[in-house]
Amino acid sequence: MMDLGRLRALHAVAVHGSVGGAAAALGFTPSAISQQVAKLERETRTVLLERQGRGVVLTDAARELAATAQAVLGLVERAEVRLEEQRGQAVGRLLVAAFATGARGLMPGVLADLRERCPDLDVRLLESDPYPAAELVARGEVDLALVQDWPTVPLPVQEGLSRLDLGADPVDLLLPEDHPLTGLAVVPVGRLLGQRWISVPPGNICHDWLVRTLREAGEEPDVCYQVGEFETQIALIAAGLGVGLVPRLGRGALPPGVAVRPVVPEPTRRVFALWRSQASRRPAITEALATMRTRWAALQR
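Notes on the structure follow. All values derive from a computational prediction rather than experimental measurement.

## Digging into the overall build of the protein
- The helix and strand inventory of the protein stands at 10 helices and 13 strands.
- Taken over the C-alpha atoms alone, the protein extends approximately 70 × 50 × 35 Å along its principal axes.
- For the protein, the proportion of its 301 residues judged to be buried stands at 45%.
- If you take every contact in the protein between residues at least 6 apart in sequence, the share linking residues at least 24 apart comes to 76%.
- When the accessible area of the protein is evaluated, it comes to approximately 14,700 Å², of which 51% is carbon and sulfur surface.
- Of the side-chain charges in the protein, 33 are positive and 35 negative, and the distance between the mean point of each set is 3 Å.

## Brief notes about the side chain of arginine 276
- As for its position among the elements, arginine 276 is in strand S13 (residues 268–276).
- A distance of 2.6 Å separates a polar atom in the side chain of arginine 276 from the backbone oxygen of valine 137.
- Beyond its immediate sequence surroundings of up to four residues, arginine 276 is in contact with Glu77, Leu136, Val137, Ala138, Gly140, Glu141, Val142, Asp143, Gly160 and Leu161.

## Quick notes on the side chain of glutamine 195
- Within the secondary structure, glutamine 195 sits in the loop between strand S7 (187–188) and strand S8 (196–199).
- Glutamine 195 sits in the buried class, given a relative accessible area of 13%.
- A polar atom in the side chain of glutamine 195 sits 2.8 Å from the side chain of histidine 179.
- Here glutamine 195 is in contact with His179, Leu181, Asp222 and Val243, once residues within four sequence places are set aside.

## A few points about the pairing of strand S9 (residues 222–226)
- Relative to S9, S8 runs parallel, the two being bridged by four bridges. The residue bridging tryptophan 197 from the neighbouring strand is valine 223, located in S9.
- Crossover S8 to S9 through helix H8 (residues 205–216) is right-handed.

## Some points on the pattern of salt bridges
- Applying the stated rule across the entire model yields 17 salt bridges.
- Arginine 63 is the partner of aspartate 60 in a salt bridge, and the nearest nitrogen-oxygen pair spans 2.9 Å. Of this pair, aspartate 60 and arginine 63 both sit in helix H4 (residues 60–87), three residues apart, roughly one helical turn.
- Residue classification places aspartate 60 among the exposed positions, given a relative accessible area of 58%.
- A salt bridge links arginine 251 to aspartate 172, with the shortest nitrogen-to-oxygen separation between them at 3.1 Å.

## Points about the environment of leucine 210
- Counting through the fold element by element, leucine 210 comes out in helix H8.
- In this structure, the C-alpha to C-alpha distance between leucine 210 and valine 200, residues 10 residues apart in sequence, is 9.6 Å.
- Here leucine 210 is in contact with Trp197, Ser199, Val223 and Leu245, once residues within four sequence places are set aside.

## Some remarks on the nonpolar core
- Grouped together as the largest cluster of nonpolar side chains are 45 residues, with contacts concentrated most on Leu173, Leu192, Trp197 and Leu245.
- Sequence-distant contacts of leucine 245, that is, excluding residues within four places in its chain, are made with Val171, Asp172, Leu173, Leu192, Trp197, Trp209, Leu210, Phe230 and Val263.
- With 28 residues, the next largest nonpolar core counts Ala98, Leu144, Leu166 and Leu249 among its residues.

## Here's the deal with the packing of aromatic side chains
- Scanning all chains against the criterion turns up one aromatic pair.
- Ring centres of tryptophan 150 and tryptophan 209 lie 4.2 Å apart, and the angle between their planes is 15°; on these two criteria the pair is classed as stacked. You can see tryptophan 150 sitting in the loop between strand S5 (144–149) and strand S6 (161–176) and its partner tryptophan 209 sitting in helix H8, a full 59 residues away along the chain.
- Above the ring of phenylalanine 272, the side-chain terminus of arginine 163 is found at 3.7 Å from the ring centroid.

## A word on helix H10 (residues 283–300)
- Between the first and last C-alpha of H10 there are 26 Å, a value that for 18 residues agrees with the 26 Å anticipated at 1.5 Å per step.
- Looking only at H10, the buried set comprises Pro283, Ala284, Ile285, Ala288, Leu289, Thr291, Met292 and Trp296.

About the thresholds
Residues numbered from 1 in each chain as written. Predicted model: local features only at pLDDT ≥ 70, side-chain atom pairs only at ≥ 80, totals over all residues. Heavy atoms only, no water. Helix = DSSP H or I, 4+ residues; strand = E, 2+ residues; numbered from the N terminus. Buried < 20%, exposed > 50% of the residue type's maximum accessible area, 1.4 Å probe, protein only. Contact = heavy atoms within 4.5 Å. Areas by Shrake-Rupley, 256 points an atom, 1.4 Å probe, with all protein chains shown as cover. Lys, Arg positive; Asp, Glu negative; His and termini not counted. Charge placed at Lys NZ, Arg CZ, Asp CG, Glu CD. Polar contact = N/O pair within 3.5 Å; in protein donor to acceptor, adjacent residues only side chain to side chain. Pairing = 2+ DSSP bridges. Right-handed = clockwise from strand over helix to strand, strands pointing away. Salt bridge = Lys/Arg side-chain N within 4 Å of Asp/Glu carboxyl O. Core = buried A, V, L, I, M, F, W, Y, C linked by side-chain atoms within 4.5 Å. Phe/Tyr/Trp six-rings, centres within 6.5 Å; stacked < 30°, edge-to-face > 60°. Lys NZ or Arg CZ within 6 Å of the ring centre and 35° of its normal. Expected span 1.5 Å × (residues − 1).

Here it is as structure tokens:
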């Protein structure tokens with residue numbers, strides 16, 4: 001009989017496209033994932049991974065086995081949910097994905113509360129942009145995702161997922177303190193044209209929103225610096241290199257040399273949680289959602 005943990009490792013490699021990606025998602029080292037797949041190869045007497053350059057690719061047999069593993073893991077999840085429901089306690093492992101500022105601004109309190117309230121629940125955190133996070137939930141790779149989107153750039157949510165809306169996260173214009181726009185108490189969107197922008201790279205939902213917003217205002221944005229972390233963006237703004245639109249969640253104190261101005265109409269992103277509907281009655285999910293809601297309300301106060 002094939003080992004379930006080894007099937008899970010192979011499935012993760014198939015989903016994430018690499019041993020390293022599978023290791024990050026499951027919370028193991030790449031070496032541990034490689035060992036699990038190697039043991040599965042010996043069990044099945046089948047070559048599952050082949051070297052290609054510096055990485056690996058799945059063989060045809062591995063793709064078939066990974067598809068079967070997905071179905072098996074889905075059955076196991078449903079069984080675990082039923083058992084957890086019967087016990088009425090949040091137990092086992094809960095893997096949560098969260099976008100970067102949500103992981104910094106909201107999740108530390110959520111994780112600490114869950115550890116205190118649910119000592120038998122092993123909660124793991126994976127930082128992920130909303131686009132892949134939603135897919136990971138749909139595929140069963142993570143149990144719960146904290147995501148965000150914009151009213152003009154909604155996040156595609158697959159059938160079979162449920163959501164809990166937490167609230168809106170306002171976004172401010174950050175700019176060097178000697179920038180001409182600091183003379184305005186409030187900056188209209190139309191005055192954002194002609195700026196040198198500092199933003200996250202393409203493919204990120206925040207980048208997509210910036211591009212769409214400025215295009216609607218009549219300009220293709222000049223994104224001069226593409227960096228993934230808002231803290232790095234703020235450092236570039238402090239150096240006088242450009243301006244940026246930065247959400248408040250997880251932002252922290254600003255360094256000297258950076259000014260903040262609200263924008264009208266006020267840009268806000270929507271923050272919400274996603275999980276598979278079939279796991280809605282799982283105590284670990286309900287406890288995590290309740291904790292997220294409580295912590296979010298505390299942040300607003």
